[in-house]
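Next come the chains, spelled out residue by residue.
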Amino acid sequence: MAAPAPNTQQEMRRRNLARVLHAVADGGPRSRAAVAARIGLTRTAVSTLVDELLGAGLLVELGPGRSGAVGRPGTALALSDSGPCGIGAEIGVDHLAVCAVDLRGEVRARTAMDAANRDSDPGPVLKQLARLVEEVANEARGLGLRPAGLAVAVPGLVARGTTTVVQAPNLGWTDLDLAAHLGGGALGTGALTGGGGFGGAGGGTAVCSIDNEANLGALAELWLGGHTPPPGDLVHVSAEIGIGAAIVVDGELLRGTRGFAGELGHVPVRPEGRPCACGGIGCLEQYAGEEAVLRAAGLDPRATAAQYPGPGARIDLLATRAEGGDRAVLGALAEAGSALGTALTGAVNLLDPQTVVLGGALARLAPWLLPSLEHELGRRLAGPPPVSVSRLGAEGPLLGAAHSVVRAVLDDPMAHRA
């Protein structure tokens, strides 16, 4: 959806500053003349905007560069690698992770740890997350970066327009406002702000957003997935312990009235099947979730989790056994792929997406899921969309979180000036 036209001179200036910054971000180093040609403003107007962005520490000059036009080469402009950065965090069922990404999209600092977060008291989990965020934020500052905000990916439902986790079944959390803990509470006013605020010009409040991990994984796929051109419409399916999906329509997330769109894991695929913790019967998670696949492969989920703790450990076990030809594992993954194909049939019929993308843990298991998944789509649909595998894998939600902060800087650069 197009943004409304600016109705004041100040709004017009802010919009044009963002257009200049996006032009440099989208096309790599560019001269002023190339930026002017791209966004349709005069060279004089662009030069004034560029000078402001240079003074704000958001752009840097790299030296002479060719614009493709006749005449003396102009100075190439690039995004600053020592200005604002986005801090992304992920709360997983069995891990915590935090990273810092600069305006150029480079990960400059990262840390992660195994953590048994299932059915946990949120207090200790968020205090540990606070320490990791502080560690990464301080490392970023040591590299000359300024944290511009914090975005957190969670495996649960987040109420639209809020920072409240309504329900995260695998964490055991309900109606929890994470921002209340991740602002001046659990993180402490000094931990993230360093005395000067989480962003530009002496602000004192951390900019904090919370979103479902599948949503942030889908945004990462849109921004970083290497699709040329980026698909305007896609269904992104991801998994950790549960299964989630995110829907992109015309380049934007489809969130739904409450913000709960994409709960593919609780779409019934066997109407008379197994009971699910959500209260439903025959949900996809009972046939394609991690624990369901382990059970189908003859492995006890709790014993296996104890023996193989940490993020992705059980998925790696399944992949290793599948590579070795373990018939029980191969059969379990084939059944999971068939269940995924059944659930996705309804989504494809309703949404008609350009593509379906398997991300998260599913990316690691794609070689054994895809044959039965695509067979199911093919026999149920006329002309099913292509199914691809995310190159981001399990890193998608964390990268999506950090990049969502970076995109906010590009969209409103003057809110994050030095």
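For the structure, check the block above.
All values derive from a computational prediction rather than experimental measurement.

(A) A look at the side chain of S390. Within the fold, S390 resides in the loop between β15 (387-389) and α14 (396-411). A distance of 3.0 Å separates a polar atom in the side chain of S390 from the backbone nitrogen of L392.

(B) Here's a closer look at the sheet that holds strand β4 (residues 95-102). In space, the five strands of this open sheet follow the order β5-β4-β3-β6-β10, with mixed pairing throughout. The open sheet has two free edges, formed respectively by β5 (107-114) and β10 (208-212), since each of these has just one partner strand. Strand-to-strand, the axes of this sheet are offset by a mean angle of 15 degrees, without reference to chain direction. The sheet contact formed by strand β6 (residues 146-154) and β10 spans five bridges and is parallel. Following the sheet pairing, L150 is matched in β10 by C208. Lying on the sheet, helix α7 (residues 213-224) is in contact with β6 and β10; it crosses β10 at an angle near 95 degrees. With respect to the sheet, α14 is in contact with β3 (84-91), β4, β5 and β6, its orientation differing from that of β3 by roughly 150 degrees.

(C) Up close: the sheet that holds strand β13 (residues 252-253). The strand order across the open sheet built from five strands is β13-β12-β11-β14-β15, with neighbouring strands paired in mixed fashion. Of all the strands in the sheet, just β13 and β15 have a single pairing partner and so form its edges. By the bridge criterion, six bridges tie strand β11 (residues 234-239) to strand β12 (residues 243-249) in an arrangement that is antiparallel. Across the sheet, A239 pairs through a bridge with I243, a residue of β12. Sitting on the sheet, helix α12 (residues 327-351) is in contact with β11, β12 and β14 (355-358), with an inclination near 155 degrees to β11.

(D) Up close: the packing of α7 against α14. Axis separation between α7 and α14 bottoms out at 7 Å; the angle between their running directions is 70 degrees. With respect to α14, the element α7 is oriented roughly perpendicular. Seen from α7, the contacting residues are E213, L216, G217, A220, W223 and L224; seen from α14, they are G396, P397, L399, G400, A401, H403, S404 and R407. Of the residues belonging to the contact of α7 with α14, the class tally is seven nonpolar, five polar and two charged.

(E) Fine view of unusual backbone geometry. Here the residue pair T228 and P229 is connected by a cis peptide bond, since its omega of -10 degrees sits within 30 degrees of zero. Counting through the fold element by element, P229 comes out in the loop between α7 and β11. Despite not being glycine, D175 has its phi angle at roughly 45 degrees, a positive value. Locating D175 in the fold gives a position in strand β9 (residues 173-177).

(F) A look at the pattern of salt bridges. The full count for this structure, using the stated rule, is 15 salt bridges. One salt bridge in this structure joins R32 and E61, with 3.3 Å as the shortest N-O distance. Taken together, the residues R32 in helix α2 (residues 32-39) and E61 in strand β1 (residues 59-65) connect sequence positions 29 residues apart. A relative accessible area of 44% places E61 in the partly exposed class. As a salt-bridge pair, E376 and R379 come within 2.8 Å of each other at their nearest N and O atoms. Remark: R379 and E376 occur in helix α13 (residues 361-380); sequence separation between them is three residues, near one turn of the helix. Note on E376: relative accessible area 6%, which makes it buried.

Rules of the game
- The residue numbering used here restarts from 1 in each chain and proceeds along that chain's sequence as written.
- With the structure being a predicted model, the display of local features is reserved for residues of pLDDT at least 70 and the display and counting of side-chain atom pairs for 80 or more, all residues being used for whole-chain, interface and lining totals.
- Calculation of side-chain values draws on the structure's entire complement of heavy atoms; hydrogens and water are dropped beforehand.
- Each helix corresponds to a stretch of at least 4 residues labelled H or I by DSSP, and each strand to a stretch of at least 2 residues labelled E; elements are numbered beginning at the N terminus.
- Polar contact criterion, stated in full: a pair of N or O atoms within 3.5 Å, where within protein one must be able to donate a hydrogen and the other to accept it, and residues adjacent in sequence count only if both atoms are side-chain atoms.
- Should DSSP find at least two bridges between two strands, the strands are regarded as paired.
- Whenever a helix is involved, its axis is fitted only over the stretch in contact; in every case the axis is a line through C-alpha atoms, and angles between N-to-C directions fall within 0 to 180 degrees.
- We call two residues in contact whenever any of their non-hydrogen atoms come within 4.5 Å of each other.
- Angular relationships are summarised with four words: roughly parallel below 35 degrees, roughly antiparallel beyond 145, roughly perpendicular across 65 to 115, and oblique for the angles in between.
- Basically, the charged four are Asp, Glu, Lys and Arg, the nonpolar ten are Ala, Val, Leu, Ile, Met, Phe, Trp, Tyr, Cys and Pro, and anything else, Gly included, counts as polar.
- The working definition used for a salt bridge is a side-chain nitrogen of Lys or Arg within 4 Å of a carboxyl oxygen of Asp or Glu.
- Per-residue accessibility, obtained with a 1.4 Å probe over protein chains only, is compared with the maximum for each type, and a residue is labelled buried under 20%, exposed over 50%, and partly exposed between these values.

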